[in-house]
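Here is how the chains run, residue by residue.
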Amino acid sequence: TRTPVNVTVTGAAGQIGYALLFRIASGQLLGADVPVKLRLLEIPQGLKAAEGTAMELDDCAFPLLRGIDITDDPNVAFAGANVALLVGARPRTKGMERGDLLEANGGIFKPQGKAINDHAADDIKVLVVGNPANTNALIAQAAAPDVPAERFTAMTRLDHNRAISQLAKKTGASVSDIKRLTIWGNHSATQYPDIFHAEVAGKNAAEIVNDEAWLADSFIPTVAKRGAAIIEARGASSAASAANAAIDHVHTWVNGTAEGDWTSMGIPSDGSYGVPEGLISSFPVTCKDGEYEIVQGLEINEFSRGRIDASVQELVEERDAVRGLGLI
Ligand code: NAX
């Protein structure tokens, strides 16, 4: 019998946590034959609600779930962690400046990065969901110098999935016919969903669409502002779709991308495509044997170049701001 994989989830009592934990415990994160132990990290005010969720997890009698620990101590939560999903974050409240937001999140992600550094398992894989996800991942990574930098990733898979769905609608294809779509840059309104290398049932997506105005005025803003549209419609931010994307991100990272396809992940740049080394930016990646690799050699046209550069510039500014605050 396999040893259980330790999965730590922060912000476990939040709405994404509620949509995520049951899917992890049912085997959808790592596979139907992989037992898991859950570690739930919350702030003291969230502990009681997390206990309630744990009661419900018990009540599902998931055969793969081998235990649930709940704590408000990062050093306990990340002890022996193999997978860490960093969901809990400080949201931007009215009137909050970007500097304040970054500082408040630094107060969360720096100690969590250090706890991962000191206590996680050697094979730890980290996904940061909590916003600003890319820069929070950078803060955690910088606080974990003993962990290989590439183990810290940020979630752009929700954007990736949103873009696939929009492109399928536009072309009348099914989502499973869409391949090789890319989200570049920051998980923010500046992100760039790129269809120039994407395929719709084996044909180039940009050629099929053949409508630059639709790309610029409809597709890109629809994908980039989808989070706001969900809040407007639902009265609450994306939760089940965000949890689904977190499941997809880790599942793909661990189990690999399909032959001929790739996915999008926020990862530390190695300088590819002119993205400054070390920035955590979204790239097209293939995954195999638990590791990812940036898809190389894609031709970047002028339309794409400007948009990638703009999003990367925002990441540079966020990095410089957290550097100025002494967070990295
Ligand atoms: P909620 O406010 O429902 O839940 C957040 C939870 O985190 C709360 O229970 C809170 O007590 C807990 N928390 C806060 N600080 C913590 C800490 N230091 N340690 C442990 N737990 C802590 O937010 P939810 O809707 O679940 O969203 C969570 C995060 O995901 C937000 O930052 C949100 O902006 C971000 N998102 C990121 C997305 C992405 O694509 N990368 C999309 C969805 C989502 O907007």
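Residues numbered from 1 in each chain as written. Predicted model: local features only at pLDDT ≥ 70, side-chain atom pairs only at ≥ 80, totals over all residues. Heavy atoms only, no water.

Trainee: Sorry, what's going on with the pattern of salt bridges here?
Mentor: Once their charged atoms are close, side chains differing in charge can pair, the charge on each being opposite to the other. Considering all chains together, one arrives at seven salt bridges under this definition. Here Asp159 ties to Arg162 by a salt bridge, and the two come within 3.7 Å at their closest N and O atoms. Pair noted here: Asp159 and Arg162 are both in helix α6 (residues 157–171), with a separation of three residues, about one helical turn. We classify Asp159 as buried; its relative accessible area is 1%. Owing to a relative accessible area of 12%, Arg162 belongs among the buried residues under this scheme. (Salt bridge = Lys/Arg side-chain N within 4 Å of Asp/Glu carboxyl O. Helix = DSSP H or I, 4+ residues; strand = E, 2+ residues; numbered from the N terminus. Buried < 20%, exposed > 50% of the residue type's maximum accessible area, 1.4 Å probe, protein only.)

Trainee: Can you walk me through the site of the ligand in this structure?
Mentor: In the vicinity of the ligand lie 22 residues, with Gln15, Ile16, Glu42, Val129 and Asn131 positioned nearest. Backbone polar atom of Gly14 to an oxygen atom of the ligand: 3.3 Å apart, as the coordinates give it. A distance of 3.2 Å is found between an oxygen atom of the ligand and a side-chain nitrogen or oxygen belonging to His187. Taking 880 Å² as the accessible area of the ligand by itself, protein coverage stands at 79%. Grouping the amino acids of the shell around the ligand by side-chain chemistry returns 11 nonpolar, 10 polar and one charged. (Near = heavy atom within 4 Å. Polar contact = N/O pair within 3.5 Å; in protein donor to acceptor, adjacent residues only side chain to side chain. Areas by Shrake-Rupley, 256 points an atom, 1.4 Å probe, with all protein chains shown as cover. Nonpolar A, V, L, I, M, F, W, Y, C, P; charged D, E, K, R; others polar.)

Trainee: Would you mind showing me how to read the environment of Gly326 here?
Mentor: Relative to the helices and strands, Gly326 resides in the segment after α11 (302–324). Note on Gly326: relative accessible area 39%, which makes it partly exposed. For Gly326 and Ile43, which are 283 residues apart along the polypeptide, the C-alpha to C-alpha distance reads 24 Å.

Trainee: What exactly am I supposed to notice about the packing of helix α4 (residues 98–119) against helix α5 (residues 133–142) here?
Mentor: The description of two helices packed together rests on the angle between their axes and the distance between the axes. With their axes 7 Å apart at the nearest point, α4 and α5 run at an angle of 45 degrees to one another. Taken as axis vectors, α4 and α5 run oblique relative to one another. In the packing of α4 onto α5, the handedness of the crossing is right-handed. Note on element contacts: α5 touches α4 through Thr135, Asn136, Ile139 and Ala140, opposite Leu102, Asn105, Gly106, Phe109, Lys110 and Gly113. Looking at the contact of α4 with α5, its residues break down into four nonpolar, five polar and one charged. (Axes fitted to C-alpha atoms, helices over the stretch in contact; angles between N-to-C directions. Parallel < 35°, antiparallel > 145°, perpendicular 65-115°, else oblique. Left-handed = near helix turned anticlockwise from the far one by under 90°. Contact = heavy atoms within 4.5 Å.)

These figures come from the coordinates and say nothing about function on their own.
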